Every structure is written in C-alpha cells, then in structure tokens.
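Topology and contacts: notes
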Amino acid sequence: MANKPIPGTDGDNYVPYDQRSSQESTVYFTRDLSAGGLIKAFNTVGGHLTGKTGVKLHTGEPHGPNIIPRPWVKQLISEKLPDVNIIETNTFYVGGRHTTAQHRKTLQINGWTFCPVDIMDEDGTTDLPVRGGKWFDHMTVGSHMLDYDSMLVLTHFKGHVQGGFGGSNKNIGIGCADGRIGKKMIHQGRHPGQWDIAKEEFMERMVESSKATIDYFGDRIVYINVMRNMSVSCDCEGVAAQPVVTPNVGILASTDILAIDQACVDLVYAMKPEEHHDLVERITSRHGLRQLSYMKEMHMGNDLYKLIDLDHDNKRIVAADAVQDLIPFGEDDR
C-alpha cells in the first residue's frame, strides 16, 4: 500500500435495476411500521443467528428525534432475542457519545435501559483483516466484538452528511470501528482535517471497514433496514437534524448487505420526484452510490434481488410497487 490508491468515480451515477448484472439475493419487505412489522421482518432472517448475538443499533445522540422507536426494539428483543446485547462504539467526533461515560449517560436519556448495552471499545480495540482492500489491510474495532457469535444489524435508513445515505453498510462500517483509531482511519487517515475524506474515497473506506466485520461473522450476520423518519441528516446530528420531508416506506430484511442497501436506494429512486427530491440530492451530491458499486466490486453481495412482499402472501414485487400511494410525511403517525 505504498502507492496511494485511486478512488472510483461513479458515486453520483444511479444504475437502474435492468442495467445491472449479478445473481439475485432475496430482500423481504413490509409496509408495517410498528413493533409487529419489525418482528415480521426479523422472522425472515433471524434463523441465521446462533450463539451469543449482538444487535448493532444506532442508539442516537441525546433526544435524537428520528432513531428507531425504542418500544419496537424492546418488543423485538423481549419476544425474539431475550439474551442479546445491544452493541455500540464511541464516536470520533466530540458529542454525547464521545467517551464511554458520556455514551452511558446518553443511553439513559434515550431510554436504552431495557437490556444490556455493550460499548464494544470500552476496554480497548482489536484488529480484523480487510481481505482484498485497497485502502486498508485491517480495520480496528471494539475489542468486545470478539465476544459475539452472531450480529443483527438493525439500521435506521436515512441520509448522511458524508455518506449520502446511511444504511446497513454505514451502521457497521462506521459503527463497529472504534471511536479513536478505526473511525479516524476512515474519516481522516493521514489528512490533517477530521472530515477531509469525502465522496468516493470515503465510501470505499467505509465499505472496507464493513467487509472486515462481515468476514468475521460469515453467514451469522443479518440485516434489517427501517425506512422511517428519513431525514437527509444522520442520527449522529441528533436534534440538529434537518426536518424530515421524505415519506415513510416500511421495513426491509435480508442476509445480503448489498442487496438490502441497494433495495432501499431503489425504493427512494422509485418515489415521485417531489417525494424523493431532498434525499436523492443528498445521495448524489455526496457521491454516496459508490457504497453500492464498491460493495459489489468487493464481492460483498448482489445488487439484483427478489423483493418479497410480506403483506401480500410473499408475492414478488418491484420497487415501484413498494412505494405506491405513500402518505406525505407529517400525515403519517407511524
């Protein structure tokens, strides 16, 4: 890695479904934005989880308005995963989760008190290999990750100030990297400024970090993305997040990280222009689509998928079907 790698250049180019080529994975979809809908989605993939399981969840900055509703997660865990821990790491930026003490206080404020929360870098770090990476040969993660046999990646899908969008890839690519070394590797590297790395290079670094976690868990990692309260801002921005204008959609589940994030992006692009304008602008202006194309290059999954409608007898549908007749945000109380 003596020579600086060259980032890709396609991060603002959306490739329609019929112009892609790959095997097909399966993505499950429900419009039911409730604890029941979350459990319905979980039931399609939960059988892959064995042994000690961590639920990787963005627990939010203090009073964050858009995070996955706490009662939904509580019901899922109590009914389906009674022995799990929620798992998190401290942040690189200074805020309500920068230190373990601050993080514990924020967890109390936001009500994540119904099951253990493991701040994985509380006691140090460990390195996981990045196989086939061009930016990294390893990623530094919280040392407690090695305590887990399986992971449920439970993600609030939304925009992101650096990544364009935040899906499962962001949840583990940033969220499993420890707060001092790993996150710095992704965001800063040898650059002088904390947030100097952007666009395609940032997406690729984030993807390589995710790959380290995925390779560690193998087939014992599954993904659920909740498309609700989709601000263009990440939950890291807390109460400063931009107002939500994109309609709520539903919940998706898969065993394929690329397929589930690609499906969420496809659903956004399938909306009417007035519904998706702000989120699409955020994705393309940050060149966030490079997350998807680089995951494909890194052989992390498929960008073609069967979209299965859990609300209608497991019928196969397309993205446009899933976003028909959306209720404008503000008129939808889910």
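Keep in mind the model is a prediction, meaning the values are calculated, not measured.

Brief notes about the packing of aromatic side chains
Summed over the entire model, instances satisfying the criterion amount to five aromatic pairs. Between Tyr17 and Tyr305 the ring centres are 5.3 Å apart and the planes differ by 85 degrees, which places this aromatic pair in the edge-to-face class. With Tyr17 in the segment before β1 (24-30) and Tyr305 in strand β12 (residues 304-309), this residue pair connects regions lying 288 residues apart in the sequence. Among the residues examined, Tyr305 registers a relative accessible area of 5% and is labelled buried. Residue placement shows Lys52 over the ring face of Tyr148; its charged tip is 5.0 Å from the ring centre.

Brief notes about the confidence of the model for the protein
Confidence in the prediction of the protein, expressed as mean pLDDT, is 95, and 98% of residues score 70 or more. By mean pLDDT, the top-scoring element of the protein is strand β11 (residues 250-254) (99), and the lowest-scoring one is helix α5 (residues 182-187) (94).

Let's talk about unusual backbone geometry
Positive phi is not limited to glycine here, since Asp313 has a value of about 55 degrees. By the secondary structure assignment, Asp313 is in the loop between β12 and β13 (315-317). Given a relative accessible area of 78%, Asp313 falls into the exposed group. Residues other than glycine seldom take positive phi values, yet Asn314 does so here, at roughly 60 degrees. Residue class for Asn314 comes out partly exposed when judged on its relative accessible area of 48%.

Details of the pattern of salt bridges
If you walk through the whole model with that rule in mind, you get 18 salt bridges. One salt bridge connects Arg97 with Glu61, and the closest N-O pair in it is separated by 2.9 Å. Separated by 36 residues along the polypeptide, Arg97 in the loop between β3 (85-88) and α3 (100-110) and Glu61 in the loop between β2 (53-57) and α2 (70-80) bring together distant segments of the chain. The class of Glu61 is buried, set by a relative accessible area of 7%. A salt bridge links Asp215 to Arg131; the shortest N-O distance between them is 3.5 Å. Of this pair, Asp215 sits in helix α6 (residues 199-217) while Arg131 sits in the loop between β5 (125-129) and β6 (138-142), and the two are 84 residues apart along the sequence. Asp215 gets classed as partly exposed once you look at its relative accessible area, which sits at 28%.

Quick notes on the sheet that holds β1
Spatial strand order, β4-β3-β2-β7-β10-β11-β1-β12-β13: nine strands in an open sheet with mixed pairing. Of all strands in the sheet, those with a lone pairing partner are β4 (117-119) and β13, marking the two edges. Recorded for the sheet is a direction-independent mean angle of 30 degrees between the axes of neighbouring strands. Across six bridges, the pairing between β1 and β12 is parallel. Pairing of Val27 across the sheet is with Leu307, part of β12.

What counts, and at which threshold
- Residues numbered from 1 in each chain as written.
- Predicted model: local features only at pLDDT ≥ 70, side-chain atom pairs only at ≥ 80, totals over all residues.
- Heavy atoms only, no water.
- Phe/Tyr/Trp six-rings, centres within 6.5 Å; stacked < 30°, edge-to-face > 60°.
- Helix = DSSP H or I, 4+ residues; strand = E, 2+ residues; numbered from the N terminus.
- Buried < 20%, exposed > 50% of the residue type's maximum accessible area, 1.4 Å probe, protein only.
- Lys NZ or Arg CZ within 6 Å of the ring centre and 35° of its normal.
- pLDDT = per-residue confidence, 0-100.
- Salt bridge = Lys/Arg side-chain N within 4 Å of Asp/Glu carboxyl O.
- Pairing = 2+ DSSP bridges.
- Axes fitted to C-alpha atoms, helices over the stretch in contact; angles between N-to-C directions.

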